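Survey of secondary and tertiary structure
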Amino acid sequence: MTELVVRRLLIDLETPFERHWCGGDAFKTAFFNALSMSFPVGEQFFIDAVRAGHKTLPVERQQPMLAEVQGFIGQEATHRRIHALFNEHLDRHGLVNDWEPRARQRLKLLDGADVRHHLGITAANEHFTAIFAEWLLAHPEFLDGAEPRLKTMWLWHSAEEAEHKSTAFDLYQALGGSHQWRIRWFRRITLIFVGDTLRQTVNNLRRDGTLWKWRTWKSAATSLLGRHGLLRETFRPWREYLRRDFHPSQHDSGLSRRWLDANAVAYQAVGRV
Ligand SMILES: [Fe+2]
Ligand SMILES: [Fe+2]
């Protein structure tokens, strides 16, 4: 069982920030903005899936997981709130969130489905966020030059994603979710997540007027495929999810603990909700 602390992030999200808040880099900014646009709807889905999955467990098996489930819900609820505030600034920058309505439509198809499907989808998405989070914590220089409060926001979110990466997976297993469906959802989510991220990033760049700038494409190539590029470094951990004996805890979360210890002034623990 993982002990999950809910933290209130002590950053100002009222003061407007620069359009290219990520070190003046249009690609990186558009990419992070795209991810943020997916969080309010996505993280609500994860919360609902985990809550429903936990309730479905036999009563005697609910208690041992209760604290972790509450911690997970508290952390994701805090992320949703913070990113909704961040996203309000993006509206003012003239960006349009097309991801959210598309995701809502898709999620309607799951109404009434077995909760293990909801958890399989959540576990797959959590693997994506965890490998992205661990990559970002390993390469905080990716955010060099970014507005400091926003850099803190992304690293705090990353640290907590790495912390709670096992919760949905463990519930899926506890409810007898099959390996076959776990993999099936993971493949589907890979296509959906990568496709949606790409679409929304391009959409953000188009509205920003920077889609066809050489610098944008250069940054995209370096950020994704360069020496420490995201795609290059996350391919292997992405693939490990396919193994029958995979468990999220096999990936070390030391960077998350180190960031949380070194940045304790940036947040306040509010307990386990
Ligand atoms: Fe989150
Ligand atoms: Fe998460």
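Quick summary incoming for the structure in this document. All of these numbers come straight from a predicted model, not from anything done at the bench.

Focus on the overall build of the protein chain
In terms of regular secondary structure, the protein chain is built from 10 helices and two strands. Element order for the protein chain, N to C, with α for helix and β for strand: β-α-α-α-α-α-α-α-α-α-α-β. Its C-alpha atoms give the protein chain a radius of gyration of 18 Å, near enough to 19 Å, the size a compact globule of 273 residues would have. Projected onto its principal axes, the C-alpha positions of the protein chain cover 55 × 40 × 35 Å. The buried share of the protein chain, taken over its 273 residues, is 54%. When contacts within the protein chain are restricted to residue pairs at least 6 apart in sequence, those whose partners lie at least 24 apart make up 86%. Only carbon and sulfur atoms are counted for the fraction: they give 56% of the accessible area of the protein chain, which is about 13100 Å². Distance between charge centroids for the protein chain: 6 Å, based on 37 positive and 32 negative side chains.

Here's the deal with empty space enclosed by the protein
As enumerated under the stated definition, the model contains two cavities of 30 Å³ or more in all. Estimates place the volume of the largest cavity at around 70 Å³. Lining the largest cavity are Arg 19, His 20, Ala 26, Thr 29, Ala 30, Asn 33, His 93, Leu 95, Asn 204 and Asp 208. Here the element with the most residues in the lining of the largest cavity is helix α1 (residues 26-56); it accounts for four residues. Counted by class, the lining of the largest cavity contains three nonpolar, five polar and two charged residues. Approximately 50 Å³ is the volume found for the second largest cavity. Lining the second largest cavity, in full, are Ala 123, Glu 126, His 127, Ala 130, Ile 131, Lys 165, Phe 246, Pro 248 and His 251. Within the lining of the second largest cavity, the residues separate by chemical class into five nonpolar, two polar and two charged.

Thoughts on the coordination of the iron ion (ligand 2)
Within the protein, the iron ion (ligand 2) binds to Glu 76 (OE), Glu 126 (OE), Glu 126 (OE), Glu 161 (OE), Glu 161 (OE) and His 164 (NE2); these donor distances fall in the range 2.1 to 2.8 Å. For the iron ion (ligand 2), the six donor atoms in the first shell make angles of 51 to 150 degrees at the metal, so the coordination geometry reads as irregular. Separating the iron ion (ligand 2) and the iron ion (ligand 1) is a distance of 3.8 Å, and Glu 76 donates to both of them. With Glu 76 in helix α2 (residues 59-92) and Glu 161 in helix α5 (residues 148-163), this pair connects stretches of sequence that are 85 residues apart. The exposure class assigned to Glu 76 is buried, which follows from its relative accessible area of 0%.

About the criteria used
Residues numbered from 1 in each chain as written. Chains lettered and ligands numbered in written order. Predicted model: local features only at pLDDT ≥ 70, side-chain atom pairs only at ≥ 80, totals over all residues. Heavy atoms only, no water. Helix = DSSP H or I, 4+ residues; strand = E, 2+ residues; numbered from the N terminus. Rg over C-alpha atoms; globule rule 2.2 N^0.38 Å. Buried < 20%, exposed > 50% of the residue type's maximum accessible area, 1.4 Å probe, protein only. Contact = heavy atoms within 4.5 Å. Areas by Shrake-Rupley, 256 points an atom, 1.4 Å probe, with all protein chains shown as cover. Lys, Arg positive; Asp, Glu negative; His and termini not counted. Charge placed at Lys NZ, Arg CZ, Asp CG, Glu CD. 1 Å grid on protein atoms, 1.4 Å probe; cavity = no way out; pocket = protein on both sides within 12 Å on 5 of 7 lines; lining within 4 Å. Points joined across faces, edges and corners; volume = space filled by probe spheres on them. Nonpolar A, V, L, I, M, F, W, Y, C, P; charged D, E, K, R; others polar. Donors = N, O, S within 2.8 Å, 3.2 Å for Na, K, Ca; no water. Tetrahedral: all angles 85-135°; square planar, octahedral: opposite > 155°, others 65-115°.

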